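Chain residues, written in single-letter form:
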2 protein chains.
Amino acid sequence: MARPPSTTTKPLLLSLILLSLLLLPLSSSQSSHFRSSKRTPPRFPTRFSRPNKPQLTTKQRTQQQQQEYRYETRYFEQSLDHFSFSDDLPTFRQRYLINTEHWVGPNLMGPIFLYCGNEGEIVWFAENTGLVWELAPRFGAMVIFPEHRYYGESVPYGSLDEAYKNATTLSHLTTEQAIADFAVLITNLKQNLSAQACPVVLFGGSYGGMLAAWMRLKYPHIAIGALASSAPILQFEDIVPPETFYDIVSNSFRHESTSCFNTIKESWDALESEGSKNDGLMQLTKTFHFCQKLERVDDLYNWLDSAYSYLAMVNYPYPANFMMPLPGNPIKEVCRKIDNCPEGTSVLERIFEGVNVYYNYTGEYDCFQLDDDPHGLDGWNWQACTEMVMPMSTSQDTSMYPASDFNYTYYKEDCWNSFRVKPRPKWITTEFGGHDFKTSLKMFGSNIIFANGLLDPWSGGGVLEDVSESIVSLVTEKVFIALKARPSLGVAFYSPPLLRLKESIVPAEIDSNFCLLISGAHHLDLRAATAEDPDWLLEQRASEIKLIEGWLHDYYREKKAVLAS
Amino acid sequence: MARPPSTTTKPLLLSLILLSLLLLPLSSSQSSHFRSSKRTPPRFPTRFSRPNKPQLTTKQRTQQQQQEYRYETRYFEQSLDHFSFSDDLPTFRQRYLINTEHWVGPNLMGPIFLYCGNEGEIVWFAENTGLVWELAPRFGAMVIFPEHRYYGESVPYGSLDEAYKNATTLSHLTTEQAIADFAVLITNLKQNLSAQACPVVLFGGSYGGMLAAWMRLKYPHIAIGALASSAPILQFEDIVPPETFYDIVSNSFRHESTSCFNTIKESWDALESEGSKNDGLMQLTKTFHFCQKLERVDDLYNWLDSAYSYLAMVNYPYPANFMMPLPGNPIKEVCRKIDNCPEGTSVLERIFEGVNVYYNYTGEYDCFQLDDDPHGLDGWNWQACTEMVMPMSTSQDTSMYPASDFNYTYYKEDCWNSFRVKPRPKWITTEFGGHDFKTSLKMFGSNIIFANGLLDPWSGGGVLEDVSESIVSLVTEKVFIALKARPSLGVAFYSPPLLRLKESIVPAEIDSNFCLLISGAHHLDLRAATAEDPDWLLEQRASEIKLIEGWLHDYYREKKAVLAS
């Protein structure tokens, strides 16, 4: 029997939220328990790159990917605190991957492509960001992937355990410090190579995309532009409605199949009802094939929520193994399973058949392990408990989830209980902006691409319209077309301009008159090209390349030089 | 007998440089001692606002200025560390002065004028920044002067003594933290007043001007523009030649009188020669009227250097009391004294007559006190020993000073000895840019005015040409005109465009063909209007007002509103 996969993260944060809830008087209706702030905050898919996941070791990965992408692994001594001068703090070694084989060098002002490392091992991001590797020869560019502090091998205090010991050791795990690491590293590297005049272009996906956009805004003297893919930089405070994320997840399922959507929507009550029975937890353990007995219904709730959220993020049109091995258009597959069960199959059994596609597409597992994060103390939880407070809620009207408000009081308490730290929920917008984003940046800043796929639930917190001529939004096509051959209704276009319809687009009925066609997944554009790439993806990448070329041309014209390649 | 003024700052930093030098083998020539890295690094004039200076107390000042500028004094609880989450750190109360009497309020989106507090008590800056007060009624603006952390009353750890205790307590005295304080304060204030849509315009002079420019670059979502007056943001690393500062100081004297310049140039050898005699130090004490016996020639050297540097900074065309009570065109006055001594007056006696204008214009002091900073540990010294490393040297060819190189090794050692801290001389340019300034910002950023007076020695490190259409340089006129009526030579213009010549311009011969006419002093434009203001100053202020009006108009147009006043 194969080793069961560690599937969802069940962070201490959530456990403690639940614990707090148990201490509160339960409200009258059973289902109100679900309506409290109970859901694990959504994560970027990169959480699966953490060292405690049953994945390949760094060495194994390095061996594997070196067949594809070649690089040197180097280390750079970083200050733990760039913004203060506590010289009693230790330094730490930041890992970075570098490849100079295509670089045309300093004399030709060869560009430097820098990927802003996310919350995980950098090797994994290097492997999954084929675009940067594919563009390097074309642009004569150096490639560099610096790792984010406190992740992978780039941890202070000698070990991950020591670095994650408490709030004091974790205190320097912040985005501003991480961006400053990149700035210091690249400045030093350029100086050592006499490459001060070489333009740096930033890349990043997801949280890394936020870092890329923010770094371009904060360090324009260091990077001439940024491609920020699937970067939800507006998912803070009240900038976007807190329901956005789960509404998009839900729509992805609704677009695929209304009955699938309805089954999922019904399942929560069924779950709670089953869980409240005497042998309910044992029954649920059996229905969902857990290796150990389920201890709380909430754990199952989160296991399901996690599957749906990630499915929505990685709903790629071709088979992929970004987080789990999955078929192409996996939501279609999940819904096919849910919808096509023999008559008489219970709601919960249908749900199991569906999520089994996500958790066990290869069919190698006989049972599932819920608990894969015994300490619950990981980097992203810390970041979520300090700066990265992204309010999330669910609406019963517009989503397939039970209603749940974002309860900041609980959030704060749980962060205190988990880490002894107080979140600063307004800090990110103070430091990086977000409110009235377009007014601030319309006449300030330049050269940022915000790329989003509208099927990606994170796109709800992304920049979905052009800010200015050079701070632009590339959104995978979203087209309303008239249904039922009623040409009198005409065709309404969503910004950005209409692209021609492609076979890979998911059609879904909006109302009886219009049909919404959307596509795109979580930073799909950054992945390596494949033979299965739909045309819209090829077009999106072509737009990105053209914009980056433009930045470089402008820079070289400024520097009175010519494009090196 | 009046209490002698505490005249120059003689920081521990310098003392320790000298101490280090004494431990090194002396070089063969006596004057080589002078040629070493011996000079106190120049300071912004604001050092005279420190609490250990014999000035008015805050209360006295407040009483005095309240007759002129009315404001409320308030306090805001700040995080000591915005970029990390060490929750065991204390918070501190940041003082700010606020006036809303002319503000047209949030409904009309009344602007907020924020002066970025420098390295000293904020009350003093409020008193000396008349422009902001004068503009407030015209723009219907709120005025706010937040104090810089670790200065005045805005100190952590309960008291100045505790805050300045050691490197650990001082570690959060950095520019980035100070700017973040302003950002957090104004964001909070706007929220409390429902004034989120009200545009913020930044002002700052000298170091405060650097903060204003940097804050506009880093927080464009918080401030729509910045007037950065006399802000030497390029005085770092090798961006400008390290001799620039002292060359400009020297030129100010040379422009006034070649013989004055030459006398000063000769005086250093005379000083050293006198000081090396048996009773030399006693003789010098007598010549220069010190209250206590001079202990080192270097102390006198710094006392003189300080006078010349500050005279160059505040060479205002009218009597002023910015740092010391001084006549109008004080360098002219100093040189008149130096040049017009009876024949037979020694070089050093002439020098005394000259600097006596600076240190004792009111004639109330019978002797001078050298040591006014017994601990040598003040905020600016810390800042200079951490981030604000501004290399300075003197050239024997182009200045009136003996040659002296910037010796970073000594600098670093002295910082270690003084504070147990290691400077990061490349950090400011990494964090804020500076190298290739124009290329970085030509297509990034907007709405910054860099105002400089070319007689101000800090202008050498300032932005002296337009970066883009909206990042502009306002430089007091600098015009080369042909001498000796040789019209065939034509007239060469310095950027910015030629203004018409004014009577207040100081003419000086550059070579036999050209004459350079320059004017302007250290952030003169920010001072209150006076009847004596020369036309070029009126024109500079008018340009500033027009630009600020333009920023506001653009903003209101964006917000589909009209200018409130």
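In the block above lies the structure referred to throughout.
Residues numbered from 1 in each chain as written. Chains lettered and ligands numbered in written order. Predicted model: local features only at pLDDT ≥ 70, side-chain atom pairs only at ≥ 80, totals over all residues. Heavy atoms only, no water.

A. Representation of the overall build of chain A in the model. For chain A, the count of helices and strands is 20 helices and eleven strands. By residue count, 62% of the 565 residues in chain A fall in the buried class. In chain A, of all internal contacts separated by at least 6 residues, the share reaching a separation of at least 24 is 74%. Counting every atom, chain A has about 20600 Å² of accessible surface; 51% of that belongs to carbon and sulfur. (Helix = DSSP H or I, 4+ residues; strand = E, 2+ residues; numbered from the N terminus. Buried < 20%, exposed > 50% of the residue type's maximum accessible area, 1.4 Å probe, protein only. Contact = heavy atoms within 4.5 Å. Areas by Shrake-Rupley, 256 points an atom, 1.4 Å probe, with all protein chains shown as cover.)

B. Main features of the packing of aromatic side chains. The tally for this structure, following the rule as stated, stands at 71 aromatic pairs over all chains. Taking the centre distance of 4.3 Å and the plane angle of 35° together, the rings of A:Phe83 and B:Phe83 count as tilted. Of the two residues, A:Phe83 sits in the loop between β1 (72-79) and β2 (91-99) while B:Phe83 sits in the loop between β1 (72-78) and β2 (92-99), which places them in two different chains. Just as A:Phe83 is buried, B:Phe83 falls in that class too. Seen from their ring centres, A:Phe288 and A:Trp303 are 6.1 Å apart, and the 85° between their planes marks the pair as edge-to-face. You can see A:Phe288 sitting in the loop between α12 (280-287) and α13 (297-313) and its partner A:Trp303 sitting in helix α13, a full 15 residues away along the chain. Overall, A:Trp303 belongs to the buried group, its relative accessible area being 0%. (Phe/Tyr/Trp six-rings, centres within 6.5 Å; stacked < 30°, edge-to-face > 60°.)

C. Highlighting the interface of chain A and chain B. Residue-level contacts link 55 residues of chain A with 55 residues of chain B. Here chain A and chain B share an interface that buries about 4500 Å² over both sides, 55% of which is from carbon and sulfur atoms. Where chain A touches chain B, the interface holds four salt bridges. Residue B:Asp436 pairs with A:Lys559 through a salt bridge whose shortest N-O separation is 2.5 Å. One can count 31 residue pairs in polar contact (both at pLDDT 80 or more) joining chain A with chain B. The set of elements that each furnish at least two residues to the side of chain A that touches chain B consists of α7 (167-170), α8 (175-192), α9 (207-218), α18 (427-432), α19 (437-442) and α20 (535-558) of chain A. Classifying every residue of the side of chain A that touches chain B gives 18 nonpolar, 20 polar and 17 charged. (Buried area = accessible area lost by both parts, 1.4 Å probe. Salt bridge = Lys/Arg side-chain N within 4 Å of Asp/Glu carboxyl O. Polar contact = N/O pair within 3.5 Å; in protein donor to acceptor, adjacent residues only side chain to side chain. Nonpolar A, V, L, I, M, F, W, Y, C, P; charged D, E, K, R; others polar.)

D. How the structure looks around helix α15 (residues 347-359) of chain B. Residue and element names in this part refer to chain B. Across its 13 residues, α15 extends 18 Å between first and last C-alpha, which sits within 8% of the 18 Å expected from 1.5 Å per residue. By the burial criterion, the buried members of α15 are Leu348, Arg350, Ile351, Phe352, Gly354, Val355, Val357, Tyr358 and Tyr359. On its buried face, α15 sits against α11 (258-275), α12 (280-287), α13 (297-313) and α14 (330-339). (Expected span 1.5 Å × (residues − 1).)

E. Layout of the side chain of B:Lys190. Summarising the element assignment, B:Lys190 is placed in helix α8 (residues 175-192). It turns out B:Lys190 is buried and unbridged, and the closest side chain with the opposite charge, A:Asp436, is 8.3 Å from it. If we ignore the near neighbours within four places in the chain, the residues touching B:Lys190 are B:Ile112, B:Ala195, B:Gln196, B:Cys198, B:Val200 and B:Ile222. (Lys, Arg positive; Asp, Glu negative; His and termini not counted.)

F. Structural detail: the relation of the copies chain A and chain B. Structural alignment of chain A on chain B gives an RMSD of 0.0 Å, achieved by rotating through 180° and translating 0.0 Å along the axis. The transformation relating the two chain copies, once decomposed into turn and shift, fits a two-fold axis. (Least-squares fit on C-alpha atoms with pLDDT ≥ 70 in both.)

G. Structural detail: the sheet that holds strand β7 (residues 448-452) of chain B. All names here are of chain B. The strand order across the open sheet formed by eight strands is β1-β2-β4-β3-β5-β6-β7-β8, and the pairing between neighbours is mixed. Each end of this open sheet is capped by a strand with a single partner; those strands are β1 and β8 (471-475). Within the sheet, the average angular offset between the axes of one strand and its neighbour, ignoring direction, is 20°. Contacts from helix α5 (residues 130-139) reach β2, β3 (112-115), β4 (142-146), β5 (200-205) and β6 (225-229) within the one sheet, and its direction differs from that of β4 by about 150°. (Pairing = 2+ DSSP bridges. Axes fitted to C-alpha atoms, helices over the stretch in contact; angles between N-to-C directions.)

H. Expanded view of the state of the cysteines. In this structure the tally under the stated criterion is six disulfides over all chains. Between the sulfur atoms of A:Cys385 and its disulfide partner A:Cys415 the distance amounts to 2.1 Å. Between A:Cys385 and A:Cys415 the disulfide shows an S-S torsion of about -80°. By sign, it is left-handed. Highlighted residues: A:Cys385 in the loop between α16 (379-384) and α17 (408-419) and A:Cys415 in helix α17, separated in sequence by 30 residues. Summarising the burial analysis for this pair, A:Cys385 and A:Cys415 share the class buried. Here B:Cys260 connects covalently by a disulfide to B:Cys335, the sulfurs 2.1 Å from one another. Because the torsion about its S-S bond is -65°, the bridge between B:Cys260 and B:Cys335 counts as left-handed. Taken as a pair, B:Cys260 in helix α11 and B:Cys335 in helix α14 lie far apart in primary sequence, 75 residues in all. Here the two residues B:Cys260 and B:Cys335 agree in accessibility, since each one is buried. (Disulfide = S-S within 2.5 Å.)

I. Up close: the pattern of salt bridges. As enumerated under the stated definition, the model contains 36 salt bridges over all chains in all. The partner of A:Glu465 in a salt bridge is A:Lys438, with the nearest N and O atoms 3.7 Å apart. Of this pair, A:Glu465 sits in the loop between β7 (448-452) and β8 (471-475) while A:Lys438 sits in helix α19, and the two are 27 residues apart along the sequence. The class for A:Glu465 is partly exposed, based on a relative accessible area of 46%. Residue B:Asp533 pairs with B:Arg541 through a salt bridge whose shortest N-O separation is 2.9 Å. For the pair B:Asp533 and B:Arg541, one class covers both residues: buried. Salt bridges linked by common partners bring A:Arg95, A:Glu121, A:Glu147 and A:Glu153 together as one network.

J. Focus on the sheet that holds β1(A). Residue and element names in this part refer to chain A. Within the open sheet, the eight strands sit side by side as β1-β2-β4-β3-β5-β6-β7-β8. Their pairing is mixed. The open sheet has two free edges, formed respectively by β1 and β8, since each of these has just one partner strand. On average, each strand axis in the sheet is inclined to that of its neighbour by 20°, with strand direction left out of account. Contacts from α9 reach β5 (200-205), β6 (225-229) and β7 within the one sheet, and its direction differs from that of β5 by about 150°.

K. Examining the side chain of A:Ser309 more closely. Residue and element names in this part refer to chain A. Relative to the helices and strands, Ser309 is located in helix α13. For Ser309, a relative accessible area of 4% corresponds to the buried category. Apart from the residues lying within four places of it in its own chain, the contact partners of Ser309 are Phe245, Tyr246, Val249, Tyr401 and Pro457.

L. Summary view of unusual backbone geometry. Residues and elements named next belong to chain A. With phi around 50°, Met109 is a residue other than glycine that occupies positive phi space. Mapped onto the elements, Met109 comes out in the loop between β2 and β3 (112-115). With a relative accessible area of 12%, Met109 lands in the buried category. Although it is not a glycine, Glu237 adopts a positive phi angle of roughly 45°. Position of Glu237 relative to the elements: it lies in the loop between β6 and α10 (244-256).

M. Focus on the packing of helix α11 (residues 258-275) of chain A against helix α15 (residues 347-359) of chain A. Residue and element names in this part refer to chain A. Across the interface, α11 lies against α15 with an axial gap of 9 Å and an inter-helix angle of 120°. When the interaxial angle is binned, α11 and α15 end up oblique. Along this stretch, α11 crosses α15, giving a crossing that reads as left-handed. Contact residues: Thr263, Ile264, Glu266, Ser267, Ala270, Leu271 and Glu274 in α11; Val347, Leu348, Arg350 and Ile351 in α15. (Parallel < 35°, antiparallel > 145°, perpendicular 65-115°, else oblique. Left-handed = near helix turned anticlockwise from the far one by under 90°.)

N. The environment of B:Leu538, seen in detail. Of note, B:Leu538 is situated in helix α20 (residues 535-558). Along the backbone, B:Leu538 and B:Phe432 are 106 residues apart, and their C-alpha atoms lie at a distance of 31 Å.

O. Representation of the pairing of β8(B) in the model. Residue and element names in this part refer to chain B. Counting buried residues in β8 gives five out of five residues, a clear majority hidden from the surface. Residues Ile471, Ser473 and Val475 line one face of β8 and the alternating positions Val472 and Leu474 line the opposite face, and both faces are buried. Pairing geometry for β7 and β8, over five bridges, is parallel. Bridging across to β8, Ile448 finds its partner in Ile471.

P. Structural context of the packing of α11(B) against α12(B). All names here are of chain B. Across the interface, α11 lies against α12 with an axial gap of 7 Å and an inter-helix angle of 130°. Compared by their axis directions, α11 and α12 come out oblique. Together, Leu271, Glu274 and Gly275 of α11 and Gly280, Leu281, Gln283 and Leu284 of α12 make up the contact between the two elements.

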